[in-house]
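# Examining the three-dimensional arrangement
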Amino acid sequence: IKPKMELEILFELAVIMVSAAVLGTLFLFLRQPIVIAYIAIGFALGPGGLGLIKETTHLEQIAHVGVILLLFLIGLNLQPQKLLAIFQKTALLTLSTSLLFALAATTFALLLQFSLFASLIVGAAMMFSSTVVGLKLVPTTTLHHKRTGEVMTGVLLLQDLLAILIILLLSGGGSEHPIMAFGLLLLKFIALAIALFLGVRWIMLPLLTRFDVVQEYTFVATLGWCLLGAEVAHLVGLSYEIGAFTAGISIASSPVALAIAEHLKPLREFFLILFFFAIGARLNLQISPLLLAAAIIFGTLLVPLKAFIFRKAFVWSGEKESASKELSVRLSQASEFSLLVVLAATSGDWLHYEQGMMIQIATLITFIFSTYWTVLRYPTPISASRHLLQD
């Protein structure tokens, strides 16, 4: 049985990668964002399409490694002092805009005659922006060395912390005392950060300094540190992403940090292809026509609404008009955390299956709409236009 399962995984990976190469080539010829090709392949080959890949749970777990690596690489290029300064500047903006987005989504769900609690869950699911889509479309130089990338990172990571809290509450953890639950979450994060920084100071840096001439060891050691941080964070109730990001920051002071980041980029891209495939494969369009229409309308309207609110908020916070426009477009989609909120809500019978699928379809539409808007107007690593192509 085991060899057969291994062959099935190999077959699935082969089908995904060959299809990604073929459709990705077509998309590039047509000057379309290649990320959309990966999502389209997922829908076409997954259970809702041709059904070549009938079960995607194991692929989703593998694909999650790409998100973990993405956050680790971002952390590798951020000094702790700079991160704290970013958090101080973006905290109020992040909280206020998230509440406005939640209010808009809750109102839309109430108009569809969802129950009040189900409407609040829809609001919670749609209040965040996508860490993966947002940061994947930012050129590395902008992400690491320019204010646009720094501000985006601050907003998205604060949103991630809020999303984790909501998922914990929906899962039953600390639901009676949300303030205490949030305080405990912060304490766990601080304890994790201290442990990782001490580990780097007394273990990682001495080892990397001693064996820095062996590139293979540097690669394996830092990748192990990334996954260790992610797993420890998960064990204490935080997310894998937060753990990986903190592990990256803890090692950012190492002189080999930039070299590590370059070595890990191809690995990250491989897993992110699987991530976007899994998003497409998760879709099921065979739901109530009313909810399907509502998902399309809401997903289409949410992107410009988010962009408008973000733009006003960034200008109000003191950002330049041009930077505010770019940031608002890059943050205008819903989040992959929407899918996790839906999973927690449906598992606890807070949402019906079709209501959850409506949220997922709307989320995917925001991914597509926002990606096109970003790729056509601003520099990205996947732009088909040469003057906008920046890695």
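All values reported here derive from a predicted model rather than from experimental measurement.

## Considering the overall build of the protein chain
Along the protein chain, the regular secondary structure elements total 16 helices and zero strands. For the protein chain, buried positions account for 53% of its 391 residues. Counting only contacts in the protein chain whose residues sit at least 6 apart along the sequence, the fraction spanning at least 24 positions is 77%. With an accessible surface of roughly 18,000 Å², the protein chain has 70% of that area assigned to carbon and sulfur atoms.

## Thoughts on the packing of aromatic side chains
Given two aromatic rings, one states the distance between the centres and the angle between the planes to describe the pair. Under the defined criterion, the tally for this structure stands at six aromatic pairs. Relative to Phe 271, the ring of Phe 270 lies with its centre 5.1 Å away and its plane at 75°, an arrangement referred to as edge-to-face. Summarising the aromatic geometry, the rings of Phe 310 and Phe 314 are spaced 5.7 Å apart at their centres and angled 20° between planes, so their arrangement reads as stacked. Of this pair, Phe 310 and Phe 314 both sit in helix α13 (residues 289–316), four residues apart, which is roughly one turn of that helix.

## Digging into the confidence of the model for the protein chain
Per-residue confidence for the protein chain averages 82 on the pLDDT scale, and 89% of its residues sit at or above 70. Looking over the protein chain, one finds the lowest element-wise mean pLDDT in helix α7 (residues 140–145), namely 59, and the highest in α13, namely 93.

## Digging into the packing of helix α3 (residues 57–76) against helix α11 (residues 240–250)
Following both chains from N to C, one finds α3 and α11 inclined at 30°, their axes separated by 7 Å at the closest point. Here α11 runs roughly parallel to α3, going by the angle between their axes. In this structure, α3 crosses over α11, and the sense of that crossing is right-handed. Residues His 64, Val 67, Ile 68, Leu 71, Phe 72, Ile 74, Gly 75 and Leu 76 of α3 lie in contact with α11, whose contacting residues are Tyr 240, Glu 241, Ala 244, Phe 245, Ala 247, Gly 248 and Ile 249. Partitioning the contact of α3 with α11 into residue classes produces 11 nonpolar, three polar and one charged.

Procedures and definitions
- Residues numbered from 1 in each chain as written.
- Predicted model: local features only at pLDDT ≥ 70, side-chain atom pairs only at ≥ 80, totals over all residues.
- Heavy atoms only, no water.
- Helix = DSSP H or I, 4+ residues; strand = E, 2+ residues; numbered from the N terminus.
- Buried < 20%, exposed > 50% of the residue type's maximum accessible area, 1.4 Å probe, protein only.
- Contact = heavy atoms within 4.5 Å.
- Areas by Shrake-Rupley, 256 points an atom, 1.4 Å probe, with all protein chains shown as cover.
- Phe/Tyr/Trp six-rings, centres within 6.5 Å; stacked < 30°, edge-to-face > 60°.
- pLDDT = per-residue confidence, 0-100.
- Axes fitted to C-alpha atoms, helices over the stretch in contact; angles between N-to-C directions.
- Parallel < 35°, antiparallel > 145°, perpendicular 65-115°, else oblique.
- Left-handed = near helix turned anticlockwise from the far one by under 90°.
- Nonpolar A, V, L, I, M, F, W, Y, C, P; charged D, E, K, R; others polar.

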